[in-house]
Amino acid sequence: LKGAIFQRCSNLSKAVGHTLRGHHCDLRVAAPMADAPVNDGKLTVLVTGGTGLFGKAIEEVVRQDPTAQNENWVFLSSKDGNLVDRASVEKIFEKHKPTYVIHLAAKVGGLFHNMRKKVDFYRENTLINDNVMECCRIHGVKKLVSCLSTCIFPDKTPYPIDETMVHNGPPHNSNLGYSVAKRMIDVLNHCYKDQYDLDYTSIIPTNIYGPHDNFNVDDGHVIPGLIHKCYMAKRDGTDFVIWGSGSPLRQFIYSRDLADLTVWVLRNYGSIDPIILSVDEEAEVSIKEVAEMVAEAMAFEGKVVCDTSKADGQHKKTASNKKLRTYLPEYQFTPIKEGIKKS
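For clarity, every value in this text was computed on a predicted model and none was experimentally measured.

Concerning the overall build of the protein
Regarding its fold elements, the protein presents 11 helices and 12 strands. For the protein, the residues scored as buried account for 53% of the 343 residues in total. In the protein, of all internal contacts separated by at least 6 residues, the share reaching a separation of at least 24 is 82%. In the form shown here, the protein has an accessible surface area of approximately 15,400 Å², with 51% of it arising from carbon and sulfur atoms.

Quick look at the packing of helix α2 (residues 53-63) against helix α8 (residues 255-268)
For the pair α2 and α8, the least separation of the axes is 8 Å and the interaxial angle reads 65°. What the angle tells us is that α2 and α8 run roughly perpendicular. Viewed along their axes, α2 and α8 form a crossing whose handedness is right-handed. Mapping the contact onto sequence places L53, F54, A57, I58, E60, V61 and V62 in α2 and S255, R256, L258, A259, D260, T262 and V263 in α8. Split into classes, the residues belonging to the contact of α2 with α8 amount to nine nonpolar, two polar and three charged.

Details of empty space enclosed by the protein
Under the criterion given, the structure shown has two cavities of 30 Å³ or more. Estimates place the volume of the second largest cavity at around 30 Å³. Of the residues assigned to the lining of the second largest cavity, the class counts are no nonpolar, four polar and two charged.

Let's talk about the sheet that holds strand β1 (residues 43-48)
An order of β2-β1-β3-β4-β5-β10 is seen for the six strands of this open sheet, with the pairing classed as parallel. The open sheet has two edge strands with one neighbour each: β2 (71-75) and β10 (275-277). This sheet shows a mean twist of 20° between the axes of neighbouring strands, independent of strand direction. Across five bridges, strand β4 (residues 143-147) lies against strand β5 (residues 199-205) in parallel orientation. Of the residues in β5, the one forming a bridge with C147 is I203. Across the sheet, helix α5 (residues 118-138) lies against β3 (100-103), β4 and β5, angled at about 170° from β3, the strand it touches most.

Digging into the environment of A106
Here A106 shows up in the loop between β3 and α4 (111-116). Taking the relative accessible area as the measure of exposure, A106 reaches 24% and is therefore partly exposed. When sequence neighbours within four positions are dropped, the list of residues in contact with A106 reads N125, I128 and K182.

Considerations on the pairing of β5
Taking burial as the measure, the seven residues of β5 include six buried ones, the bulk of the element. Tracing the backbone out of β4, into helix α6 (residues 176-196) and back to the parallel element β5 gives a crossover that is right-handed. Where β5 and β10 come together, three bridges link them in parallel fashion. Residue pairing in the sheet places P205 in a bridge with L277 of β10.

A closer look at the pattern of salt bridges
Opposite charge on two side chains permits pairing when their charged atoms draw close. Within the structure shown, the criterion is met by 15 salt bridges. Two residues, D65 and R267, come together in a salt bridge whose shortest N-O distance is 3.0 Å. One end of the pair, D65, is in the loop between α2 and β2; the other, R267, is in helix α8, and 202 residues separate them in sequence. Here D65 matches R267 in class, with each residue buried. With a shortest N-O distance of 3.0 Å, D199 and K193 are connected by a salt bridge. Each of the salt bridges in this network shares a partner with another, and the network as a whole consists of E60, R256 and D260.

A short note on the side chain of R183
Its place among the elements puts R183 in helix α6. In this structure R183 is buried but unpaired, with D186 as the nearest side chain of opposite charge at 8.2 Å. Within the structure, the side chain of R183 is placed 2.5 Å from the backbone oxygen of G169, a separation counted as a polar contact.

Quick look at the confidence of the model for the protein
In this model, the protein carries an average pLDDT of 88, and 88% of its residues clear a pLDDT of 70 or more. Of the regions scoring below 50 in pLDDT, residues 8-38 engages in 68 contacts with residues more than four places distant in sequence or in other chains.

With respect to the packing of aromatic side chains
What describes a pair of aromatic rings is the distance from one ring centre to the other and the angle between the planes of the rings. Tallying each qualifying case throughout the model produces 11 aromatic pairs. Aromatic pair Y269 and Y327: ring centres 6.0 Å apart, planes at 80°, arrangement edge-to-face. Here Y327 lies in helix α10 (residues 322-327) and Y269 lies in the loop between α8 and β10, a separation of 58 residues in the sequence. Y327 carries the same exposure label as Y269, and that label is buried. Joined through ring pairs, the aromatic side chains of Y192, Y196 and Y200 make up one cluster. Across the ring face of Y196, the terminal group of R137 is positioned such that the distance to the ring centre comes to 4.7 Å. Directly above the aromatic system of W243 lies the positively charged group of K310, at a separation of 4.9 Å from the ring centroid.

Parameters at a glance
Residues numbered from 1 in each chain as written. Predicted model: local features only at pLDDT ≥ 70, side-chain atom pairs only at ≥ 80, totals over all residues. Heavy atoms only, no water. Helix = DSSP H or I, 4+ residues; strand = E, 2+ residues; numbered from the N terminus. Buried < 20%, exposed > 50% of the residue type's maximum accessible area, 1.4 Å probe, protein only. Contact = heavy atoms within 4.5 Å. Areas by Shrake-Rupley, 256 points an atom, 1.4 Å probe, with all protein chains shown as cover. Axes fitted to C-alpha atoms, helices over the stretch in contact; angles between N-to-C directions. Parallel < 35°, antiparallel > 145°, perpendicular 65-115°, else oblique. Left-handed = near helix turned anticlockwise from the far one by under 90°. Nonpolar A, V, L, I, M, F, W, Y, C, P; charged D, E, K, R; others polar. 1 Å grid on protein atoms, 1.4 Å probe; cavity = no way out; pocket = protein on both sides within 12 Å on 5 of 7 lines; lining within 4 Å. Points joined across faces, edges and corners; volume = space filled by probe spheres on them. Pairing = 2+ DSSP bridges. Right-handed = clockwise from strand over helix to strand, strands pointing away. Salt bridge = Lys/Arg side-chain N within 4 Å of Asp/Glu carboxyl O. Lys, Arg positive; Asp, Glu negative; His and termini not counted. Polar contact = N/O pair within 3.5 Å; in protein donor to acceptor, adjacent residues only side chain to side chain. pLDDT = per-residue confidence, 0-100. Phe/Tyr/Trp six-rings, centres within 6.5 Å; stacked < 30°, edge-to-face > 60°. Lys NZ or Arg CZ within 6 Å of the ring centre and 35° of its normal.

Structure (structure tokens):
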């Protein structure tokens, strides 16, 4: 059954064209989004998961965006409703009447959390995504931008990966539940276009980091987890121990850069096909190198030690940002050393 599902998804991915209708633009002075219903004279942009790492960065970007002054941006938190519950999501949409939605909310966690809770990650994310997407349809949302992840790509694949490869095989088993739930957003984007002619699209960022992250050692992502571990090692006078060999390679994107690009996608990107938002391939670094950068930024002078009894996960997920560069060839990403210091 799993093989049939992946083959079906592969056929869908190959059957859909990749025509892009966007254009080069100034990220901070984009044209207003037109022909939309308004609240209090302003159209509403609803951001799910709006108080986390990514949402806070978008809030910072729109605060400095002249176009956003004529828009009503709503950043949801878990206090505003449980997105797993359909009735709760309906109430949110009825209250805010959004014209556009950026969907960031998800059940997320680090490698080992994903490995332990595959069913939870699949079920909760599937429910969240279905509720948000269907409420967008029911309530007449003009455009939906959902956030995916590079972990959705096949485990066995040539590199660099690009947007055409999403459904070419099963993802890595370590985060199977989360990855498949996220993949289905792309499938549904095409289904909503075919059945209802709706403009739903998705972004695929590489590893995000920055201020307002989850710095929990057990279920946080790589850089915030390393920052917390380094803090404890410095405080306690112990070695800075990282899990695994330190050899896996990753591309990391600073949250403010990702927020810039996501607002650009909302205003200017015209395809339902996903777009990878990533630093260039040359910016890929090993986990050990990242740990050393964290140690330098935090003035840690002890040893950085790799605990090879822990699993590494997928060795590399090198992503091509060629599509993005056709639109924004001159965009300057924040160097990782600078971003780690800010984080």
